[in-house]
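What follows is the residue order along each chain.
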Amino acid sequence: MDLIHLICKLCDIPSINLKEAIYDGDEEQKFMELLDGRIKQHDRDIEKMCNYHYQGFIDSIRELLQVRSQAQKLNTEIVELNTSLQQSSERVMEKTEELVKARKVEANIAATIQSLQSCLPVLTTYSKLQKQMKEKRYYPALKTLEQLEHQYLPRVANYRFSSQMKESIPKLRENIKEASMSDLKDFLENIRKVSARIGEVAMRHTSEQLIVDPGIIKKKKKKAPHPPNPFTGEVDKEEGLDVDDLSAQDLIDFSPVYRCLHIYSVLGSRGDFETYYRKQRKQQATLVLQPPTNMHESIDGYKMYMHSVLGFFVVEDHVLNTGNGLIDRTYLDELWSFAVGKIVNTLRTHSAYCTDATLMLKIKNLIMLFITTLRNYGYSVNQVFEVLHEIRDHYNEVLMQRWVGVFREILDEESFLPAEVETQEEYDAVVSAFPFHDDDLDNSPFPKTFPFSPLVPNVYQQVKEFIYACLKFSEDLGLSQGEVDDMIRKSTNLLLTRTFTGCLSSVFRKPSLGLTQVIQIIVDTRYLEEATVYLEEFVSNITGCRSELSLRAGKEAGGHLFGVARDDAEKQICEKLKRKLDEFVELEAYDWLLVEPQGHASSFITDLIAFLNSTFTSFTDLPGEVAQVACKSACEHIAKSLMGMVLNDEVKQISMGALQQLNLDTIQCEQFAASEPVGGLEEGSLLCYFTDLRQLLDLFMSWDWPTYFHDYGQENSKYQHVSPNTAIILLEKIREADKKTVFSVLKKSERDKKKLLETVLKQLRQLALTASQQQQ
């Protein structure tokens, strides 16, 4: 506020008007005067007022003086109070600061609690994740990881650890993936080891279904824990299941496969997992299909192989049904098609090495159980079943090899003499062992002699045993009665025609076997052939196939079963006769320079013919054709032996006297041939064997060369069996013998004979040359 306004206020003059009056007019001096007067008046008023209030002022001063001392006292008290307050306030300040700090801590704690409350689900979930990873519960861990990533981490996105966790999530996923794959690898390794056990259990369950015998002893059953949950990994703590009651797939925990499949499915790599699993299982299939070394040596090798193969495909079937499409039927069919070829080749190869019929029966039963188990799981087993038919054929061959030993043992112990019995019990034993009935023999007194040797009933019984053995393998093969019947008949025929005949052939080659024993063998084979009709009936009764056609065919085939053996026996008879005849021939040494013949047959010829007569008399039990063949063979061999003696290169000279003696011997042999030593021969059939020798001797004895040269080459020639070469050989030997006579050249007749001989030799050589050219 300016001075003018103050003055106006003090003088009670309106300030606006005064200002206008002072500045607008010339009243400034007047205004100042008025102002001074007014000031003086106020001074007087102030002085009056002061005088009026002076005493009070004095009193006030006095009071102020008192107040001063009191003020000083108060000041002192205030200072003291201030000091006291300052001291108190310092503690209060300390407490206040502490309180502030406590408030801040409290606020921080509250903020921390709030933060922790928001972070606690994340940390709990992460801790749960780590625990699940540690416990190898990978599928729940993967679910927890997804929950952590999408539900909890976004709530704590402003925290630094959140970003670190977020960055570690891909790595955790990869760790889960790798860990689950590691578990799968462990599973694959474990399943490879356990496959054999799975296959064994599966086959045992199949066998238990097939066996209905209530008397089977049940083993004490062990308890097995429940398998863990494939997703949570939790194990039921209740009492486990019986091991024997478990199915094959319950013996192994498949949860690693399911977990890994789900994990890879969630991670979008299901295709990679399926490819990996199938590839690994195919590689394992290749290993499983490799048979153990020397599998054919024992049944354990076959069991190990079949259990492993079966266990592998039982596992695959379980995965097919429970693996949520991990494998499909097409894949499994392709894998089985690949495997069945390997299985067939393995069984075919190793069974071919087996030479034990008992072992082959066990193998057959094991394969049948193997086939049935596979069929129960839906696999096609036709190819494997066909192998059984091949093994059956090999089994029959093995049986035949076994019966080779049986027959050889029988033949080694056989004396090949007619069987003799002393008592009725012995007689009944032979008759019951071999179907034979003869009223004359029944009524004859003891001891009784059968026409056959003990070989016949022994072989007959062994053939029946062979039939039983063949039938054992054919059981449960699904063959019709006719097929079984045909198989047994063929095998039996082979047993007799090949196995038994082969054993007989080895017997025939024994030098100790006499002619009488060979004859008995032929008789025995005839009785065995006749008994084939009873074997046919025996087979029909066993198989239940009584076909008249098959029985008739069996009867027809029975007559040829021992054809080879009979032929061999006939050859042996002939060979033994020839060897015996050779012994007689070797005993006689001809004097090829004999001047005059003895006038009768040589002694060796006489002895030889006597031997033949006695021998052919003993041939009465032989079939007529056998005796006839033997007789023909003997006559032929005698004729060839005599001819061979004449043409022998070691004999350089032959006199006419020696030829005349040979002629006498030949006449004796011809008389034997004409006497029909065995019945049933055509007239003159034996004399034909001596035709070559007879014509040769007649030619040289009569010296009928003109007729020889004239009729040579004609069908009705008198000497058509005398070849030029044979005549040349004999003529040269006669010429050499004539040279020994020193004085023969002095006789005209001898000189003429010599010239004739040279002429004949020349013509014979010309004929021989011409014949040789014509043949070329």
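What you see is a predicted model; the values in this text were computed from it and never measured. (Residues numbered from 1 in each chain as written. Predicted model: local features only at pLDDT ≥ 70, side-chain atom pairs only at ≥ 80, totals over all residues. Heavy atoms only, no water.)

(A) Summary view of the overall build of the protein chain. Looking only at helices and strands, the protein chain features 26 helices and four strands. Intrachain contacts of the protein chain at a sequence separation of at least 6 include 77% that bridge at least 24 residues. Accessible area of the protein chain: about 44,200 Å², with a carbon and sulfur share of 52%. (Helix = DSSP H or I, 4+ residues; strand = E, 2+ residues; numbered from the N terminus. Contact = heavy atoms within 4.5 Å. Areas by Shrake-Rupley, 256 points an atom, 1.4 Å probe, with all protein chains shown as cover.)

(B) Spotlight on the environment of Asn294. Residue placement: Asn294 occurs in the loop between helix H7 (270-288) and helix H8 (299-322). Expressed as a C-alpha distance, the spacing of Asn294 and His350, which sit 56 residues apart in the sequence, is 8.1 Å.

(C) Representation of the pattern of salt bridges in the model. Taken as a whole, this structure holds 20 salt bridges when the rule is applied. A salt bridge links Arg498 to Glu397; its shortest N-O distance comes to 2.7 Å. Residue Arg498 is found in helix H15 (residues 481-508), and its partner Glu397 is found in helix H11 (residues 382-413); the two are separated by 101 residues along the sequence. Taking relative accessible area as the criterion, Arg498 reaches 41% and is therefore assigned partly exposed. In this structure, Glu583 engages Lys580 in a salt bridge whose closest nitrogen and oxygen atoms are separated by 3.5 Å. (Salt bridge = Lys/Arg side-chain N within 4 Å of Asp/Glu carboxyl O. Buried < 20%, exposed > 50% of the residue type's maximum accessible area, 1.4 Å probe, protein only.)

(D) The nonpolar core, seen in detail. Counting 179 residues, the largest nonpolar core has Ile343, Ile573, Leu612, Phe616, Phe700 and Trp705 as its most contacted members. A total of 14 residues in this core trace back to one element, the largest contributor, which is H11. Leave out the neighbours within four places in its chain, and Phe700 touches Met656, Leu659, Trp705, Ala727, Leu730, Leu731 and Ile734. In terms of nonpolar packing, the next biggest core, distinct from the first, is built from 19 residues, Tyr139, Leu148, Ile176 and Ala179 among them. (Core = buried A, V, L, I, M, F, W, Y, C linked by side-chain atoms within 4.5 Å.)

(E) Here's a closer look at the side chain of Gln132. Assignment of secondary structure puts Gln132 in helix H3 (residues 28-134). Once residues lying within four places of it in the same chain are set aside, the contact partners of Gln132 are Arg137, Pro140, Ala141 and Thr144.

(F) Region of the structure containing the UniProt feature "coiled-coil region" (unreviewed entry) in the protein chain. Using the residue numbers shown here, the UniProt feature "coiled-coil region" (unreviewed entry) corresponds to residues 64-98. Annotated as residues 64-98, this span is 100% helix and 0% strand, and its ends, taken at the C-alpha atoms, are 46 Å apart. (UniProt positions renumbered as here; feature names shortened; annotations may be inferred.)

(G) Structural detail: a nonpolar patch on the surface. Nonpolar side chains collect at one region of the surface, where Tyr54, Phe57, Ile61, Leu64, Leu65 and Val67 lie side by side and expose about 590 Å² of accessible area between them. In this fold, Val67 is placed in helix H3. Its relative accessible area of 41% is what places Val67 among the partly exposed residues. (Patch = residues over 30% accessible without salt bridge, like charges linked within 9 Å, V, L, I, M, F, W, Y side chains within 5 Å.)

(H) Molecular detail of helix H4 (residues 138-152). Between its first and last C-alpha, H4 extends 20 Å over 15 residues, near the 21 Å set by a 1.5 Å rise per residue. Those residues of H4 that sit buried are Tyr138, Tyr139, Pro140, Ala141, Leu142, Thr144, Leu145, Leu148 and Tyr152. Against H3, helix H5 (160-210) and helix H6 (255-266) lie the buried residues of H4. (Expected span 1.5 Å × (residues − 1).)

(I) Just the environment of Lys576, in detail. Inspection of the secondary structure puts Lys576 in helix H19 (residues 563-587). When its relative accessible area of 11% is taken as the criterion, Lys576 is described as buried. Taking C-alpha positions, Lys576 is 9.9 Å from Ala630, a pair spaced 54 residues apart along the chain.

(J) A look at the packing of helix H14 (residues 455-474) against H15. Following both chains from N to C, one finds H14 and H15 inclined at 140°, their axes separated by 10 Å at the closest point. With respect to their mutual orientation, H14 and H15 come out oblique. Between H14 and H15 lies a crossing whose hand is right-handed. In this structure, H14 contributes Leu455, Val459, Val463, Phe466, Ile467, Cys470, Leu471 and Ser474 to the contact, and H15 contributes Val484, Met487, Ile488, Ser491, Thr492, Leu495, Leu496 and Phe500. Partitioned by chemical class, the residues of the contact of H14 with H15 number 13 nonpolar, three polar and no charged. (Axes fitted to C-alpha atoms, helices over the stretch in contact; angles between N-to-C directions. Parallel < 35°, antiparallel > 145°, perpendicular 65-115°, else oblique. Left-handed = near helix turned anticlockwise from the far one by under 90°. Nonpolar A, V, L, I, M, F, W, Y, C, P; charged D, E, K, R; others polar.)

(K) Fine view of the packing of H11 against H15. Viewed as axis vectors pointing N to C, H11 and H15 meet at an angle of 35°, and their least axial separation amounts to 9 Å. In terms of crossing hand, the pair formed by H11 and H15 is right-handed. From H11, Arg392, Asn396, Glu397, Met400, Trp403, Val404, Phe407, Arg408 and Leu411 reach across to H15, where they touch Met487, Ser491, Leu494, Leu495, Arg498, Thr499, Phe500, Cys503, Leu504 and Val507. Grouping the amino acids of the contact of H11 with H15 by side-chain chemistry returns twelve nonpolar, three polar and four charged.

(L) Representation of the packing of aromatic side chains within the structure. Evaluation of the coordinates by the stated rule reveals 30 aromatic pairs. Pairing Phe407 with Phe500 gives two aromatic rings, centres 5.1 Å apart and planes at 70°, and the pair type is edge-to-face. Linking Phe407 in helix H11 with Phe500 in helix H15, this pair joins segments that are 93 residues apart in sequence. Assigned by exposure class, Phe407 and Phe500 land together as buried. Relative to Phe450, the ring of Tyr427 has its centre 5.3 Å away and its plane inclined at 15°; by these criteria the two rings are stacked. Highlighted residues: Tyr427 in helix H12 (residues 424-433) and Phe450 in the loop between strand E4 (448-449) and H14, separated in sequence by 23 residues. We note that Tyr427, like Phe450, is buried. Ring pairs connect the aromatic residues Tyr427, Phe434, Phe436, Phe446, Phe450, Phe452, Tyr460 and Tyr527, which therefore count as one cluster. (Phe/Tyr/Trp six-rings, centres within 6.5 Å; stacked < 30°, edge-to-face > 60°.)

(M) How the structure looks around the confidence of the model for the protein chain. Averaged over all residues, the pLDDT of the protein chain equals 79, while 85% of them reach at least 70. With pLDDT under 50 throughout, residues 212-243 is counted as low confidence; its partners more than four residues away or in other chains account for 42 contacts. Confidence drops under a pLDDT of 50 for residues 548-559, and excluding neighbours within four residues, the segment shows 14 contacts in the predicted structure. (pLDDT = per-residue confidence, 0-100.)

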